[in-house]
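# Coordinate inspection notes
Read off the chains here:
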Amino acid sequence: MGKDLHSNIIRNFEEASDNYNQSAVIQKIFAHKLAKQCLHQNINPGIWLDLGSGTGLLADILEDLHPSQLVIRVDGAKEMLEQHSPQKQLKLWDLELGLPTNLSRSPNLIASNFALHWLTEPRVKIQQWFSALAPGGWLAIALPVKGCFPEWHAAAKSAKVICTAMNFPSSISLANAIPTENIRFNELERYTQTEVEIASLLKPIIKVGAHTTPKKSLKISHWRRLYNNWPKSTHSNKPQLTWLVQILLAQK
């Protein structure tokens, strides 16, 4: 990942920090799903990390479900961390550099929701995170993967314009980064959003700061062609946008 692109990612999330929670619908849904899966496991107390914590959606739920456990919230966007209440444990850290330094001991939980796909070589990062766990420690991640936004890709192909949607990592490559015998849960979930207008499907992506892309921006005329070719639901005759999200838990 180029330095400029990485800087743009951080800046866009910083600019979205004040209003992030209002538009982070799908992020909230999968934060709850991931935290629920963690609740089903026997995770030892100690150091728990939320990597790419943003405003703390996942960390808040984990702490609510485990009242005696504090979660260290790690993010590279300062403004995102400023949305947390003062008593929370915060760490401003660029995850491109690996895991935070100066941890007192190895973590018993490394959790991450909708963050890994923003990093260079997600497959390598997931290996590093898993290796850093304490013996018996848990890795718990949720992220959109390859297969997201089939409607967007189909519309771009029909309209003969570039699809500016993000390229997501392969779910298979992520699962293969961890020994099979250590994987405790690995599922793909589809989540489809339906709106009256296509702009209403795409606007939340911008509002949460998740619109950084290395691809060249489309002209207005190209956007019109894209919208005109966007497939609609056979049931409601309204445009849709489908996410494919991987939830993966592994124990070291």
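Structural notes, computed from the coordinates. (Residues numbered from 1 in each chain as written. Predicted model: local features only at pLDDT ≥ 70, side-chain atom pairs only at ≥ 80, totals over all residues. Heavy atoms only, no water.)

Bringing the overall build of the protein chain into the picture now. Scanning the protein chain from terminus to terminus reveals ten helices and seven strands. Projected onto the principal axes, the alpha-carbon positions of the protein chain cover approximately 55 × 35 × 35 Å. Counting every position in the protein chain, which comprises 252 residues, the buried fraction comes to 49%. Carbon and sulfur atoms make up 50% of the accessible area of the protein chain, which amounts to about 12500 Å² in all. (Helix = DSSP H or I, 4+ residues; strand = E, 2+ residues; numbered from the N terminus. Buried < 20%, exposed > 50% of the residue type's maximum accessible area, 1.4 Å probe, protein only. Areas by Shrake-Rupley, 256 points an atom, 1.4 Å probe, with all protein chains shown as cover.)

This part takes up the packing of aromatic side chains. As enumerated under the stated definition, the model contains eight aromatic pairs in all. Here the aromatic rings of Phe13 and Trp118 are separated by 5.4 Å at their centres, their planes lie at 85 degrees, and the arrangement is edge-to-face. Of this pair, Phe13 sits in helix α1 (residues 3–16) while Trp118 is found in the loop between β4 (109–113) and α6 (122–132), placing the two residues 105 residues apart along the sequence. Taking relative accessible area as the criterion, Trp118 reaches 8% and is therefore assigned buried. An angle of 75 degrees between the planes, with centres 4.8 Å apart, marks the rings of Phe149 and Trp243 as edge-to-face. Remark: Trp243 occurs in strand β7 (residues 240–251) and Phe149 occurs in the loop between β5 (138–144) and α7 (150–159); sequence separation between them is 94 residues. Here the two residues Phe149 and Trp243 agree in accessibility, since each one is buried. Through a chain of ring-to-ring contacts, three or more aromatic side chains come together here, namely Phe30, Phe114, Phe149, Trp152, Phe168, Trp230 and Trp243. (Phe/Tyr/Trp six-rings, centres within 6.5 Å; stacked < 30°, edge-to-face > 60°.)

Our next topic: helix α3 (residues 25–39). Taking 1.5 Å as the rise per residue, α3 with 15 residues should run 21 Å; its terminal C-alpha atoms sit 21 Å apart, in good agreement. The complete set of buried residues in α3 reads Ile26, Gln27, Phe30, Ala31, Leu34, Ala35, Gln37 and Cys38. End-on view of α3: buried residues confined to an arc of 160 degrees, all on one side of the axis. Buried residues along α3 sit in contact with α2 (20–23), α4 (57–65), β4, β5, β6 (183–194) and β7. (Expected span 1.5 Å × (residues − 1). Arc of directions from axis to C-beta. Contact = heavy atoms within 4.5 Å.)

Looking now at the packing of α3 against α4. How two helices sit against one another is set out by the angle between their axes and by the gap between those axes. At a closest axis distance of 9 Å, the pairing of α3 and α4 adopts a crossing angle of 35 degrees. As for how α3 packs across α4, the hand of that crossing is right-handed. In this structure, α3 contributes Gln27, Lys28, Ala31, His32, Leu34, Ala35, Lys36, Cys38 and Leu39 to the contact, and α4 contributes Leu57, Leu58, Ile61, Leu62 and Leu65. Here the residues of the contact of α3 with α4 sort into ten nonpolar, two polar and two charged. (Axes fitted to C-alpha atoms, helices over the stretch in contact; angles between N-to-C directions. Left-handed = near helix turned anticlockwise from the far one by under 90°. Nonpolar A, V, L, I, M, F, W, Y, C, P; charged D, E, K, R; others polar.)

With respect to the helices and strands, Ser85 occurs in the loop between α5 (78–81) and β3 (90–92). The class for Ser85 is partly exposed, based on a relative accessible area of 26%.

So, about the side chain of Ser112. Considering the arrangement of structural elements, one finds Ser112 in strand β4. Here Ser112 falls in the buried class, since its relative accessible area comes to 1%. Each residue touching Ser112, except ones within four places of it in the same chain, is listed here: Leu34, Asp50, Leu51, Leu58, Trp129, Ala140, Ile141 and Ala142.

Time to look at the pattern of salt bridges. Summed over the entire model, instances satisfying the criterion amount to five salt bridges. Across the pair Glu189 and Lys33 runs a salt bridge, and its minimum N-O distance is 3.1 Å. Here the residue Glu189 occupies a position in strand β6, and Lys33 occupies one in helix α3, the gap between them amounting to 156 residues. Relative accessible area serves as the criterion here: at 21%, Glu189 is assigned to the partly exposed category. Note that Lys125 and Glu96 form a salt bridge whose closest N and O atoms lie 3.6 Å from each other. Within this pair, whereas Lys125 is found in helix α6, its partner Glu96 is found in the loop between β3 and β4, the two being separated by 29 residues in sequence. (Salt bridge = Lys/Arg side-chain N within 4 Å of Asp/Glu carboxyl O.)

Running from N to C, α7 and helix α10 (residues 220–228) cross one another at 115 degrees; their axes reach a closest spacing of 8 Å. Classified by the angle their axes make, α7 and α10 are roughly perpendicular. You can see that α7 and α10 cross each other, and the crossing is right-handed. Contact residues: Trp152, Ala155, Ala156 and Ala159 in α7; Trp223, Arg225 and Leu226 in α10. Taken together, the residues that form the contact of α7 with α10 break down as six nonpolar, no polar and one charged. (Parallel < 35°, antiparallel > 145°, perpendicular 65-115°, else oblique.)

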